Amino acid sequence: DSPILGKLPAAVYNWPAELAAIPELDDVSLGTGLINVPPDSDGVTRTVPLLIRAGNKPRPGFAMEIARIALDAERIEATPSNVKVDGRMVPIDRHGRMRLHFGDFPSDDIVPAALVLLKDEELPKDLFAGKAVLIGLSAQGTFDVAATPLAAESFGPLIHAQAVDSILGGGWLVRPAWAGPAEWALAALLAFLALAAAIFGKAY
């Protein structure tokens with residue numbers, strides 16, 4: 001069953017189906033989330049989907065589901081303009097996306113898998129205690145790379161990690177309701193000034 005209650009945004013991403021994990025993993029998982037993060041029209045990733053519809057069912061995005069599990073919350077409450085989990089109200093756009101406040105990911109928070117698998121003695125035994133840990137590829141030549149407002153190439157796991165951190169810590173960005181009309185008004189003013197300059201320029 002989906003952990004999502006409420007109403008999804010009208011223009012939420014709608015996929016005909018989803019690629020699930022193998023039964024051996026799916027049956028024992030605490031939850032599942034979709035990792036699809038389509039970029040903007042210019043190829044830059046600025047948002048992360050928190051709500052998605054797949055196979056006619058409401059589904060959480062990967063970061064949203066990780067945050068829900070980390071907060072030990074049973075449900076995600078959805079409205080067309082926000083998502084609520086364990087008292088945290090996260091604003092979303094009409095596509096169900098959170099606008100992410102990108103930053104420089106701390107290098108100390110990236111732990112090579114080799115050190116964990118080899119049980120490096122320099123790693124504190126409680127290094128991962130009480131933390132949400134994401135495992136993924138972050139090496140040159142891998143396909144999970146995306147452009148962000150801060151970097152031409154950023155690894156997918158780091159984008160999801162920042163999204164989880166934003167949900168848990170409240171670090172998302174909010175686009176004011178007046179931003180759209182203000183941008184159109186400014187564009188109209190600039191067009192009027194350009195036209196006026198052209199007309200008066202010919203008059204003289």
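Refer to the structure presented above.
Below is a summary of the structure that appears in this document. The structure displayed is predicted, hence computed values, not measured ones.

### Here we look at a nonpolar patch on the surface
Stage number 1. Together, Leu186, Leu189, Leu190, Phe192 and Leu193 give the surface a local cluster of nonpolar side chains, amounting to about 520 Å² of exposed area.
Stage number 2. Relative to the helices and strands, Phe192 is located in helix α5 (residues 179–203).
Stage number 3. In this structure Phe192 comes out as exposed when scored by relative accessible area, which is 55%.

### Observations regarding the packing of aromatic side chains
Stage number 1. On inspection of all chains with the given rule, the structure shows 1 aromatic pair.
Stage number 2. With 6.1 Å between their ring centres and 20° between their planes, Tyr13 and Trp15 make a pair best called stacked.
Stage number 3. When its relative accessible area of 18% is taken as the criterion, Tyr13 is described as buried.

### Let's talk about the pattern of salt bridges
Stage number 1. Considering all chains together, one arrives at 7 salt bridges under this definition.
Stage number 2. Among the ionic pairs, Glu18 bridges to Arg59, the shortest N-O distance being 2.8 Å. Residue Glu18 is located in the loop between β2 (14–15) and α1 (23–26), and its partner Arg59 is located in strand β5 (residues 57–60); the two are separated by 41 residues in the primary sequence.
Stage number 3. With a relative accessible area of 35%, Glu18 lands in the partly exposed category.
Stage number 4. In this structure Arg59 comes out as buried when scored by relative accessible area, which is 9%.
Stage number 5. Here Glu65 makes a salt bridge to Arg68, at a shortest N to O gap of 2.7 Å. Taken together, the positions of Glu65 and Arg68, both in helix α2 (residues 62–70) and 3 residues apart, correspond to about one turn of that helix.

Calculation rules
Residues numbered from 1 in each chain as written. Predicted model: local features only at pLDDT ≥ 70, side-chain atom pairs only at ≥ 80, totals over all residues. Heavy atoms only, no water. Patch = residues over 30% accessible without salt bridge, like charges linked within 9 Å, V, L, I, M, F, W, Y side chains within 5 Å. Areas by Shrake-Rupley, 256 points an atom, 1.4 Å probe, with all protein chains shown as cover. Salt bridge = Lys/Arg side-chain N within 4 Å of Asp/Glu carboxyl O. Helix = DSSP H or I, 4+ residues; strand = E, 2+ residues; numbered from the N terminus. Buried < 20%, exposed > 50% of the residue type's maximum accessible area, 1.4 Å probe, protein only. Phe/Tyr/Trp six-rings, centres within 6.5 Å; stacked < 30°, edge-to-face > 60°.

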